[in-house]
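# Chain and residue survey
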Amino acid sequence: MVVAGDANMRAWVVLILWLCVARRSAAIWLNLPATGTKCVSDEIHNNVVVLADYVVISDDHVHSTPTISAKVTSPYGNTLYRKENITHGQFAFTTTEAGSYLACFWVDGNYTGSGGLSINMEWKTGIAAKDWESVARKEKIEGVELELRKLEEAVEAVHENLLFLKGREAEMRTVNEATNYRVALYSLMSLTTCIVASILQILYLTRYFQKKKLI
């Protein structure tokens, strides 16, 4: 026998988990300038699968679609993907560093077309980037069992995200405490300097007035 309140609670848990999963899959639309670079970044923790598909879309239907270059770098500046003279492509990698991953695009040469130039990119990370059809065929699971497997992966992803956020919070707390200590030390040094300067100034003026026999 299932209580209505328990059923509602389970429904909310499932909904929250799927929202957490869906948030890691996004369609991105970039308006690319004729000169310069347009980038998109994502904060990702360690050991996460990233998959992205992108295609160039041009409003100029007279000339052929211009080619672009694409580059993906890790938080420490390592190049994970680089392609030139392309109109579409795909990249996939597993993160080995926690931080902000950057995907940049720019036009090859000078774009002289009359229409706008855009990039449509589908960016997936974590569970959203996993090929569940292959998993279902390999492990011979389907239906409810497959959905439960997805939920299990979602729970693990949420747990890893919480641990990642907890670690970042600890780092930020350490930085804040160090900053507060340095500010307090600087304030104390400034106050001490002002007091010493005031005392020296008073002593100097006292000696000056004594020499002039004003006091």
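Shown above is the structure to which this text applies.
Since the structure is predicted, the reported quantities are computational estimates derived from the model, not experimental observations.

For the protein, the count of helices and strands is three helices and eight strands. Sequence-ordered secondary structure for the protein, helices as α and strands as β, is α-β-β-β-β-β-β-β-β-α-α. By residue count, 27% of the 215 residues in the protein fall in the buried class. Across the protein, the fraction of contacts at a sequence separation of at least 24, relative to all contacts at a separation of at least 6, is 72%.

It is worth spelling out a nonpolar patch on the surface at this point. Where nonpolar side chains cluster on the molecular surface, the patch consists of L191, I195, V196, I199, L200 and L203 and spans about 550 Å² of accessible area. For L191, the location among the structural elements is in helix α3 (residues 143-211).

Side-chain direction in a regular strand flips from residue to residue, so the side chains alternate between the two faces of the sheet. Taken together, the seven bridges between strand β2 (residues 38-44) and strand β7 (residues 99-107) define a ladder with antiparallel strand orientation. Bridge pairing in β7 places V40 opposite A103. Relative to β7, strand β4 (residues 68-73) runs antiparallel, the two sharing six bridges. Along β7, the bridge assignment pairs I68 with V107.

Basis of the calculations
Residues numbered from 1 in each chain as written. Predicted model: local features only at pLDDT ≥ 70, side-chain atom pairs only at ≥ 80, totals over all residues. Heavy atoms only, no water. Helix = DSSP H or I, 4+ residues; strand = E, 2+ residues; numbered from the N terminus. Buried < 20%, exposed > 50% of the residue type's maximum accessible area, 1.4 Å probe, protein only. Contact = heavy atoms within 4.5 Å. Patch = residues over 30% accessible without salt bridge, like charges linked within 9 Å, V, L, I, M, F, W, Y side chains within 5 Å. Areas by Shrake-Rupley, 256 points an atom, 1.4 Å probe, with all protein chains shown as cover. Salt bridge = Lys/Arg side-chain N within 4 Å of Asp/Glu carboxyl O. Pairing = 2+ DSSP bridges.

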